[in-house]
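# Examination of the molecular architecture
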Amino acid sequence: VAYRQKQVDLANTEWLLEKANVSVGFLQTQYQDFRIEQGRKPWSISAGITIPIFNPNKGDMTKRKLEVIEAEGDRDQARNDQQAGRELMQAKIKSLLKRYTEVNTMMNDLKVGTLATTLQQMNDSNPSAGIRLQSNLISLKTMAARLKQQIYLAYLEFLSYSEVLQQRPLVNYLSPELSELAPG
C-alpha cells in the first residue's frame with residue numbers, strides 16, 4: 001500500500017509539472033538572403049509573448065491525469081486486498097487455534113498411562129493393542145505439531161498483510177514480550 005501511495009504521489013507531481021509546462025514566449029533569429037539585395041543586414045531577431053488562450057499541452061495533461069487516476073485505483077485495490085487478506089488470516093488463525101485446542105484436549109483426555117497399564121494387566125493382553133495406542137498417540141502429536149506450524153505460518157501472513165514485518169525497529173512478534181531485534 002505504501003508503494004502504491006508513492007506511485008500516486010509521483011503521478012500527481014508529474015501532472016503538476018505538465019500543468020506548469022506552458023511556454024511564455026519566444027526569441028528567434030533568422031538569416032534572410034533577400035535582405036542583402038535590399039541593402040540591409042541579413043540577420044533579424046524577433047521576440048514574442050504567447051498568450052495561452054488554448055493550452056498546447058492539454059493532451060499531455062490529460063494523459064498525466066489518467067495516470068493519477070490509474071495509480072489511485074491501484075492503491076485502493078491494494079488497500080482492499082490488504083484488508084481482505086487480514087480478515088481471511090484472522091479467520092484462518094481462529095479456526096486453526098480451535099482445532100489445535102481440540103487436539104490437545106483429546107490428548108489430555110486420553111490418559112495414555114492409565115490406559116496402557118490397564119491393557120497390560122488384562123489376562124489375555126495383546127501387545128498389538130498397546131502398540132496401536134502408542135501409534136495413535138504419535139499421530140495425534142504429529143497432527144498437533146502440524147497445526148502449530150500452520151498457526152505460525154498464518155500468523156506471519158497476517159503480519160505481512162498488516163505491513164508490520166518491514167517496519168523499524170524490527171520486532172519479534174513470536175515472543176511474548178514483543179522484544180525488539182538487534183540490527184545485525
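Computed from a prediction, not measured in an experiment: that's the story for all the values here.

Quick look at the packing of aromatic side chains now. For the structure on display, the rule yields one aromatic pair. If you follow Lys-65 out to its NZ or CZ, it ends over the ring of Trp-15, 4.6 Å from the centre.

Further remarks concern the packing of helix α1 (residues 2–20) against helix α3 (residues 58–110). Across the interface, α1 lies against α3 with an axial gap of 8 Å and an inter-helix angle of 165°. One finds that α1 runs roughly antiparallel with respect to α3. Judged by the sense of rotation from one axis to the other, the crossing of α1 with α3 is left-handed. Each of Arg-4, Gln-5, Gln-7, Val-8, Ala-11, Asn-12, Glu-14, Trp-15, Glu-18 and Lys-19 in α1 lies in contact with α3, whose residues at this interface are Asp-60, Met-61, Arg-64, Lys-65, Glu-67, Val-68, Ala-71, Glu-72, Asp-74, Arg-75, Ala-78 and Arg-79. Classifying every residue of the contact of α1 with α3 by side-chain character gives seven nonpolar, three polar and 12 charged.

Let us look at the nonpolar core. Core analysis: the biggest nonpolar cluster contains 13 residues, and Leu-96, Val-103, Ala-154 and Phe-158 have the highest contact counts within it. Looking at this core, the elements with two or more residues in it are α3 and α5 (127–161). Among the elements that make up this core, the one with the highest residue count is α5 (seven residues). Counting six residues, the second-largest nonpolar core is a separate cluster that includes Val-8, Ala-11, Met-61 and Ala-71.

Note on placement: Ser-162 falls in the segment after α5. Residues Ser-162 and Gln-82, 80 residues apart in the sequence, show an inter-C-alpha distance of 7.2 Å. Excluding its chain neighbours within four sequence positions, the residues that come into contact with Ser-162 are Gln-82 and Arg-86.

A few words on the side chain of Arg-35. Position of Arg-35 among the secondary structure elements: in helix α2 (residues 34–37). Although buried, Arg-35 forms no salt bridge, and the nearest oppositely charged side chain, Asp-33, lies 10 Å from it. When neighbours within four sequence positions are excluded, Arg-35 is seen to be in contact with Arg-40, Lys-41, Pro-42, Trp-43 and Ser-44.

Cut-offs used in this document
- Residues numbered from 1 in each chain as written.
- Predicted model: local features only at pLDDT ≥ 70, side-chain atom pairs only at ≥ 80, totals over all residues.
- Heavy atoms only, no water.
- Phe/Tyr/Trp six-rings, centres within 6.5 Å; stacked < 30°, edge-to-face > 60°.
- Lys NZ or Arg CZ within 6 Å of the ring centre and 35° of its normal.
- Axes fitted to C-alpha atoms, helices over the stretch in contact; angles between N-to-C directions.
- Helix = DSSP H or I, 4+ residues; strand = E, 2+ residues; numbered from the N terminus.
- Parallel < 35°, antiparallel > 145°, perpendicular 65-115°, else oblique.
- Left-handed = near helix turned anticlockwise from the far one by under 90°.
- Contact = heavy atoms within 4.5 Å.
- Nonpolar A, V, L, I, M, F, W, Y, C, P; charged D, E, K, R; others polar.
- Core = buried A, V, L, I, M, F, W, Y, C linked by side-chain atoms within 4.5 Å.
- Buried < 20%, exposed > 50% of the residue type's maximum accessible area, 1.4 Å probe, protein only.
- Lys, Arg positive; Asp, Glu negative; His and termini not counted.
- Salt bridge = Lys/Arg side-chain N within 4 Å of Asp/Glu carboxyl O.

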